[in-house]
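Analysis of the macromolecular model
Chain residues, written in single-letter form:
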Amino acid sequence: MALPSRKRKAVTRDASSPTNSDSEDELEGGLLHEILSQSEDESILDSDDESGLESEGASEIEGGNGLEEEDEGELESDEVPSEGEDIREQIRNPNTVVQSSRVTHSQWQNGTARVNGSLQDSSNQDILDVETAVDDKALEDEEHKANYAVTTDANGNPRYIYKEIDPVYDSDDSDAPATTNTIGNIPLSFYDSYPHIGYDINGKRIMRPAKGEALDALLDSIDIPKGWTGLTDPATGRPLELTQEELEVLKKITLNETPGDGYDPYPDMVYYFSGKEEIMPLSAAPEPKRRFIPSKHEAKRVMKIVKAIREGRIQPYKTPEEEEGDPDIKTYDIWADEAPRPDHSMHIPAPKLPPPGYDESYHPPPEYLPDKDEIAAWEEADEEDREKAYLPTDHDALRKVPGYDTFVKEKFERCLDLYLAPRVRRNKLNIDPESLLPKLPNPDELKPFPTTCAAIFRGHVGRVRSVSVDPRGLFLASGGDDGFVRIWELVTGRQVWNAMISDDEAVDVVRWRPGKDAAVLAAAAGESIYLVVPFSIISPEMEQTSRDILDVGWGYAASKPSTTNGVSAESPAKWSRPGTRLEDKGVLVKTTVRSTVKVINWHRRGEYFATVSPRGQSSSVAIHTLSKHLTQLPFRRLKGIAQSAQFHPSKPIFFVATRNSIRSYDLAKQELLKVLQPGAKWISSFDVHPGGDNLIVGTYDKRLLWHDLDLSTKPYKTLRYHKEAIRAVRFHQGSLPLFADASDDGSLQIFHGKVVGDMMENATIVPLKVLRGHQVKSRLGVMDVDWHPREPWCVSAGADGTCRLWN
Amino acid sequence: MGRIKKKGTSGSAKNFITRTRAVKKLQISLPDFRRLCIFKGIYPREPRNKKKVSKSATPSTTFYYTKDIQYLFHEPLLNKFREHKSVAKKIGRALGRGEVGDASRLEKTLMPKITLDHIIKERYPTFVDALRDLDDALSMLFLFSNLPSTSAVPSKTIALCQRLCLEFEHYLIVSHSLRKSFLSIKGIYYQATIQGQDILWLVPYKFVQRVTGDIDFRIMGTFVEFYTTLLGFVNFRLYTSVGLVYPPKFSSSSDERGGELGAFTLEGRGVGPSQPAIEDSSAANSEKVQTITSSAAQAEADKIAALTAPEGETDDSAALVAGNEDENNDALDTFEVTAQDADILPQPQAGSAETSTLFASFTFYLSRETPRQPLEFLLKAFGCKRVGWDTVLGDGAFTNDESNPAITHQVVDRPALPLESLPALPDPSTSAQSTDGEVKPVALWPRATVPGRTYVQPQWVWDCINQAKLLRPDLYAPGATLPPHLSPWVKAKKGQYDPSIPLAEQEPEGEAEQFEDEEEIEAEGQDDEEMGSDAEKAVPKRNGKRNGMDALLDRSGEVEAGEGMDIAGTESDFSSEEEEEEVGEDWDGIHSEAASEIDEAEAARLQHQRELEAEAAGISVETLETNTPKSKAAEARKKAAKKRREEEEEKERLKMMLPQRKRKLFERMEYSNQKKDKEAELLRKKKRKVDKAKSVGRSSA
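The residue count restarts for each chain, going from 1 along the sequence in the order it is written. Lettering of chains starts at A and numbering of ligands starts at 1, both following the order in which they are written. The model is predicted, so local features are restricted to residues of pLDDT at least 70 and side-chain atom pairs to those at 80 or more, both for listing and for counting; the totals for chains, interfaces and linings are taken over all residues. Neither water nor hydrogens contribute to the side-chain values; these are computed over all heavy atoms in the structure.

Time to look at the overall build of chain A. Starting at the N terminus, helices and strands are each numbered in turn, a helix being any DSSP run of H or I of at least four residues and a strand any DSSP run of E of at least two. Across its full length, chain A carries 19 helices and 35 strands. Residues counted as buried form 40% of the 807 residues belonging to chain A. Residue contacts follow a heavy-atom distance rule, with two residues in contact if any of their heavy atoms lie within 4.5 Å. The contacts in chain A between residues at least 6 apart in sequence include a share of 50% that link residues at least 24 apart. Within the structure as shown, chain A displays about 47,100 Å² of accessible surface, and the carbon and sulfur contribution to it stands at 53%. Per-residue accessibility, obtained with a 1.4 Å probe over protein chains only, is compared with the maximum for each type, and a residue is labelled buried under 20%, exposed over 50%, and partly exposed between these values. Here the Shrake-Rupley method, with its probe set to 1.4 Å, supplies the accessible areas, and only the displayed protein chains count as covering residues.

Shown next as structure tokens:
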């Protein structure tokens, strides 16, 4: 392998730098520098070799050289000047070089000596190499010979006379680019598998330039000898090398040590006073006498001590005796005189640990053992998240019970708890949660209450504004937008009587007069109140009593006109007969007040009735006396707009509701009793419980309020179960604890409202039922509601033109 | 108008102090503060409003009462701590100079001795107060008496703990104040009642305790220091209260041989050896028990008395009994109601006198695999005077000879293995009589049983104690499946699961039926798989049983050998009984399997027959159907479910009427109740499953 590479190398080398070999011949001075530099290179290498020689021996070096050449054939091909080559050149023309360059004489000597050595010692192979190379050179030299002619100059030295240089392009090839690759427009990758990368203009191969690795390998291979400096010793002219000692000095200097050899920075201390006894004293003075007589001072002190001992002031030393017995063994009763002391009020004793449960047993009942999922969950859980610190385990014999792993840890944690955990007294609620629940009546006890629609009364055109069930519970009266007052049979829903009391105005309210002996219906349309005796549907006796009740007052107004209406020009109301058409029907009395009547409420005895006309201002509330056909205005001036008015069921008390308050007046004493503040914006209606102490109020702001008159002026309960305004509220007037409200959302709600006689217990209110059935027409739902006097039936008037009976 | 009050000068801001400030105020180091707090029993508090209390922006965690800290100022220990610190400095300096002699002298003379006596008195002004706080102390000391000595736990402390604990146990034995005990997985719980105070403590099993790195023994050591002082005083008081000398005589030689309880000798306080005084009273007690227990036990006890060749002691006791007969009768009389309409006043159950002499008439022998220490303590505390054990269990036994005829009960924790599997015994004739004529104990169990002796597993002792009566020992025979061991402290609560009463009594209506249904649905899915596996399992099971039976047969042969003696009424022949039982069971197994198949066929046939009859009689088949158990169950379940639903609805309705605040409270309370209910339900469900598995296993066996 070495052979071809060498050959190739030699060729390329020549081709690449043809002047290199020629230079010596051609340009003495000009190329001297180059030669010098080359020789310098050589010298370095030589010195290298020499140092090697010194230590190892020539043959080895040569071997090394040979090896180098063989190994790095490629490198050499890349024009790295190597000594072998130079040597060869020198061998080629030793004379010329010697003659031309004197400066490098010394090196030369070395070189030749070495070359000789190498020639002598190198292997056959090497010799062969060199010879072939020399042959090549010789051939090439012949080619170039034509360039100059050798003559002898004046001194007799050979003189080279060069031919004229033809100044053509590329003639000055010393600085021209050495090679130009002529591979053309071919990607370089085509040459990947070759050692060359193309061809130059002469058709010679251009070898691949050295890569980084190759250079590194070379540098690694050149090992710098130990003392190498790269300098030349000016005294000897030899390369300056450092000896081992010098190197050590250098090393010491770099380590900040004292460079000199044998220098001890910490020498042992030399004692100047050596303790060695000298024969001669320093002072020749004789020993003083006092050294030989006992000290009086000392004798004094000794006597003092002796005296003290004699007197017993100084006791002989006694070792402190060990305390008899173990201090850990208690020998007395600390509670011998115990006196109980009450604990400090803020002291919280540490809670005791709970006793173990069944699952902590070593052999628990099988149901306490965790199943697979529980075990997995326990193991997966974080130690702090576990409900129990242990996993119940079953051991069928006591001998199989292992030690508890975290015993010490548990006790340690208990210790921490005892001194580190803040203690808080927590009141534990140990009451049965059931006891918190209110004592509510059983739903069965709450029955009966209306649940279903039993009958629908159709006939009205437009809204039905008001309904009323007659005191005997047989008939239902209703009044609506069509101006008709109709009477229906309650159970069947059959219309038994009707009368149109107004052409243009709606019947706002109808109310039966209480009392079973007579059947008188009050209806209001516009400003007029009509009192009706529907004689066609009642018995003749009843008709008679009813007529009597209504007719008794006719003369009264006529007989005493001056006392009531004499002073004031206009009377609050005008009582008259409505006309024959209506009188035939049974409408017997017509009373006209100043403004539209919206509410009629009878006194429990049927003697009086109150009307409210909200727009009437001072005359908004009127109380009418039936027997006298007399109308009174109890309030000269009323605060707010009156909404409704009602008599107390048993006492002479009169309730008037304005928009946002309800006032109760004592009729006998003519004074204000109480002002209830329901907290509502606009009261629509209210009703008084038959007992008289409770009140329900319905408001347009969707609230139903229960007032206990004994409790406070504020509502006892506020119920908000409706989505729309509440139009009417009504207690059951019989014995049943029921009340109902009617709302614009088209539903009625039935509540249980039990009032207990004693003052200790508050009223019980239970929501019972939502009755739906009425349709909402133009945002109006149920207009009015009324209860049957005895049965748990209620009747509602709807804006959809129907009345419904619920039972 | 007064001056504007400065913030943080009154109220809770003044009442509480953070730990850092407390330490600064006391001018001691944090460890010293910790020790002081442990000794004095001062603990942090949780202020109602932390924001008002803390003066800095950073949230502090621990607050103490300022009064508590002020009270620490007057503590003499505080000065001791300071002295200790200065002496420690001196010693350190001396040691640093290499003056070891000086250092030891300083330590000897100057080091302050810390005593906690005054703190005990201060924290527990009365003896009862101390007893009330003894739970933790005992648990801790018993733990430390079982720990190995390390650098953190000096052997001196351990020895002290051991001594105190054994002394306390001796008191319990003498005073019969131990009440209950429980074997848990953590250790053994004991409960004693002293002067009306219930003291519950936990003793670990005798194993090396695992000590992890996060355990600070300095803290525990501080507690132990305090507790040893406390228990020392308590022991002194207890001993003197029953007329004993404190400290009891301690024989270190016996202790070295593992004497434990036996290393102590109690002495009466009177002149001369007053030991008999105690002996007498206990003997009297034992006599009393004899009168109480059944005639069989009486006969047995008489026999033992004859065997043990009674000394004068029994005579004395007999004489004393005669005198004590009416005196000791200070138990409550039962009041009988004479008239029907009277109220019945509850009366506490019979006193502890009977239970404290539960084992008085017996002689126990503990096999070497049983835990001697707890058994010895328990048996002695419940009146047993004679407890013997194997020599390997240590010194102080009544007898080490297993063949001692005085032994009535032997506690055994080894199952009876077949004889051939046991290693060969050295020839008893040579080993029994050694050269010096001493009779060496012969190990009998499990090679042979002594006729007339009851063999029980250790749990029997515990269960007897907890139930305050002698239980049937055959349930606890060696190798028998033990009944579950129940904690004596769990009080049965309404709605909670109680394993001691049958399931049917405590489950709500319809739950069982529901469970059945669920099971059925599950079973249908699994039926096919189980069929195969069951058949496979059955074969080896039977083989195993056969082997066990062989062993039993072998043993029973030996028993027969001794049958000549009259041991009527003893339980010794339970093994043969058991064997019979087992034979019967085995046979039954085969029979019942076949029988069940036959039964099913029979049932189907019967049903068909009934239908036919009904048709003939003109009754519709449906009405008949309803009577079948399945449909009945379904009906019951439906009814129960309906009822429950109705109740639920009703409750919902009532809840609607509650105000918001109350409703929330109600829900909270309901939550905890429901959690308990859930637990109980889960337990019932598991129980049912277990029962079912058992019954299936029995029928298939």
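Attention shifts here to the pattern of salt bridges. Residue and element names in this part refer to chain A. A carboxyl oxygen of Asp or Glu within 4 Å of a side-chain nitrogen of Lys or Arg is what we treat as a salt bridge. For the structure on display, the rule yields 47 salt bridges over all chains. Asp-470 is the salt-bridge partner of Arg-472, the closest N and O atoms lying 3.6 Å from each other. Notably, a salt bridge pairs Glu-543 with Arg-547, separated by 3.0 Å at the nearest N-O pair. Of the two residues, Glu-543 and Arg-547 both sit in helix 16 (residues 540-551), 4 residues apart, roughly one turn of that helix. With relative accessibility at 23%, the residue Arg-547 sits in the partly exposed group. Within this structure, Arg-463, Arg-465, Asp-481, Asp-508 and Lys-598 form a network of salt bridges that share partners.

This part is about the confidence of the model for chain A. Residue and element names in this part refer to chain A. Per-residue confidence for chain A gives a mean pLDDT of 77, with 77% of residues at or over 70. Per residue, pLDDT captures the predictor's confidence, and it can take any value from 0 to 100. With pLDDT under 50 throughout, residues 94-135 is counted as low confidence; its partners more than four residues away or in other chains account for 39 contacts. For the stretch residues 562-569, pLDDT sits under 50, and the model shows 5 contacts to residues farther than four places along the chain or on other chains.

This part takes up the pairing of strand 24 (residues 671-676) of chain A. Residue and element names in this part refer to chain A. When DSSP finds two or more bridges between two strands, those strands count as paired. Bridge count between strand 23 (residues 662-666) and strand 24: 5 bridges; the pairing is antiparallel. Its bridge partner lying in strand 24, Tyr-665 is registered against Leu-672. Between strand 23 and strand 24, which pair antiparallel and follow one another directly, the connecting turn spans 4 residues, one of which, Gln-670, has a positive phi of 60°.

The side chains of a regular strand alternate between the sheet's two faces. Residue and element names in this part refer to chain A. Across 2 bridges, the pairing between strand 5 (residues 228-232) and strand 6 (residues 239-241) is antiparallel. What sits directly across from Trp-228, in strand 6, is Glu-241. In this structure, the hairpin formed by strand 5 and strand 6 is closed by a connection of 6 residues, where Gly-237 is found at a positive phi of approximately 80°.

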